[in-house]
Amino acid sequence: MNICGKHPQREDVMKALTIQPLDLTIKIPENFTKMPDVLADIKYPSLKNKPKYIYANDDGAVSLGLTEKASSGLVDIDSVKEGMLDLVKALKPKALPVTVDGNKAWLIVFKSNAKDGSSILNIQLFTLTETKFVVGTFNMTDKYINQYCDVGVLSLMSLQAASR
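Residues numbered from 1 in each chain as written. Predicted model: local features only at pLDDT ≥ 70, side-chain atom pairs only at ≥ 80, totals over all residues. Heavy atoms only, no water.

### Thoughts on the sheet that holds strand 1 (residues 14-19)
Applicable threshold: Pairing between two strands requires that DSSP report at least two bridges joining them. Strands here are runs of E lasting at least two residues and helices are runs of H or I lasting at least four, both read from the DSSP assignment and numbered beginning at the N terminus. When checking whether two residues touch, look at their non-hydrogen atoms; a contact exists if any pair is within 4.5 Å. For helices, the fitted line uses only the C-alpha atoms of the stretch in contact; every axis is such a line through C-alpha atoms, and the angle between N-to-C directions lies from 0 to 180 degrees.
Strand order in this open sheet of three strands is 1-2-10, and the pairing throughout is antiparallel. Looking at the sheet topology across the chains shown, the edges are occupied by strand 1 and strand 10 (160-161). Helix-sheet contacts for helix 3 (residues 145-157) involve strand 1 and strand 2 (24-29), and the interaxial angle to strand 2 is about 170°.

What follows is the structure in structure tokens.
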């Protein structure tokens, strides 16, 4: 999995986080804290696109967001991937098949522009657990790519059911 130009291997800078309402655990960078609602509202002005749980570095330029939706078994992860690729096709996304906590998943990677014109690397995870459809997003401005890209991949790939 060569998203960052090298195989990710920086787990030493990670801490485990359990998100009880989602019944999920994930490893996140040690310096991440829950993003204050005021900053989250600025970063995600559209309620439709705002993750339910957001953790970030001090200045909010690097963040992890998680959202879940109930899965009635009708969600087809490949269709979700195709829909997302179509939605961001102008941004030339890459899709990588992965397995997360024993479940088929997709990582979709693309760059977008922030309001200030800077570039943002987006790494999105789409996966199904036994009961949920989970979307995870790890994004960072260009300034932080060397420091956080591999950590972002490791973080998303560490997602698992907390009840295990």
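### Overview of the environment of Q20
Rule in force here: A simple rule labels every residue: compare its accessible area, found with a 1.4 Å probe on the protein chains alone, to the largest value its type can have, and call it buried under 20%, exposed over 50%, or partly exposed in between.
Along the chain, Q20 turns up in the loop between strand 1 and strand 2. Its relative accessible area of 58% is what places Q20 among the exposed residues.

### Thoughts on the nonpolar core
What counts here: Among the buried residues, those of types Ala, Val, Leu, Ile, Met, Phe, Trp, Tyr and Cys that are joined through side-chain atoms within 4.5 Å form a nonpolar core.
Counting 32 residues, the largest nonpolar core has F32, L107, I123, L125, F138, M140 and L159 as its most contacted members. Among the elements that take part in this core, helix 3 stands out by supplying five residues, more than any other. Residues contacting F138, with those up to four places away along its chain left out, are P29, F32, V62, S63, L64, L121, N122, I123, Y148, G152, S155 and L156.

### Topic: the side chain of S158
Stated precisely, the cut-off is as follows: Here a polar contact is recorded for every N or O atom pair within 3.5 Å, except that within protein the pair must consist of a potential hydrogen donor and a potential acceptor, and residues adjacent in sequence are included only if both atoms are side-chain atoms.
When you line up the elements, S158 lands in the loop between helix 3 and strand 10. With a relative accessible area of 18%, S158 lands in the buried category. From its side chain, S158 meets the backbone nitrogen of K27 in a polar contact 2.8 Å long. One polar contact links the side chain of S158 to the main-chain carbonyl oxygen of S155, over a distance of 2.7 Å. Those residues in contact with S158 that lie beyond four places of it in its chain are T25, I26 and K27.

### Side note on the packing of aromatic side chains
So the rule is basically this: Centre distance within 6.5 Å is the pairing criterion for rings of Phe, Tyr and Trp, where only the six-membered ring of Trp is used; planes under 30 degrees apart are then read as stacked, over 60 as edge-to-face, and the remainder as tilted.
Counted under the stated rule, the structure contains four aromatic pairs. An angle of 15° between the planes, with centres 5.7 Å apart, marks the rings of F32 and F138 as stacked. Here F32 is found in the loop between strand 2 and strand 3 (33-34), whereas its partner F138 is found in strand 9 (residues 132-141), with 106 residues between them in sequence. Ring plane angle 15° and centroid distance 6.3 Å describe the contact between F126 and F133, whose orientation is recorded as stacked. Residue class for F126 comes out buried when judged on its relative accessible area of 6%.

### Things to note about the pattern of salt bridges
Worth spelling out the cut-off: Any carboxyl oxygen of Asp or Glu within 4 Å of a side-chain nitrogen of Lys or Arg constitutes a salt bridge here.
In the structure shown here, the tally under the stated rule is five salt bridges. Here K81 makes a salt bridge to E82, at a shortest N to O gap of 2.4 Å. Two residues, D86 and K89, come together in a salt bridge whose shortest N-O distance is 3.4 Å. On the accessibility criterion, K89 (57% relative accessible area) is exposed.

### Quick word on the confidence of the model for the protein chain
For the record, the criterion: Confidence scores here are pLDDT values: one per residue, from the predictor, ranging 0 to 100.
Taken over all residues, the pLDDT of the protein chain has a mean of 87, while the share at 70 or more is 90%. Per-element confidence in the protein chain ranges from a low mean pLDDT of 87 for helix 1 (residues 37-43) to a high of 96 for strand 3.

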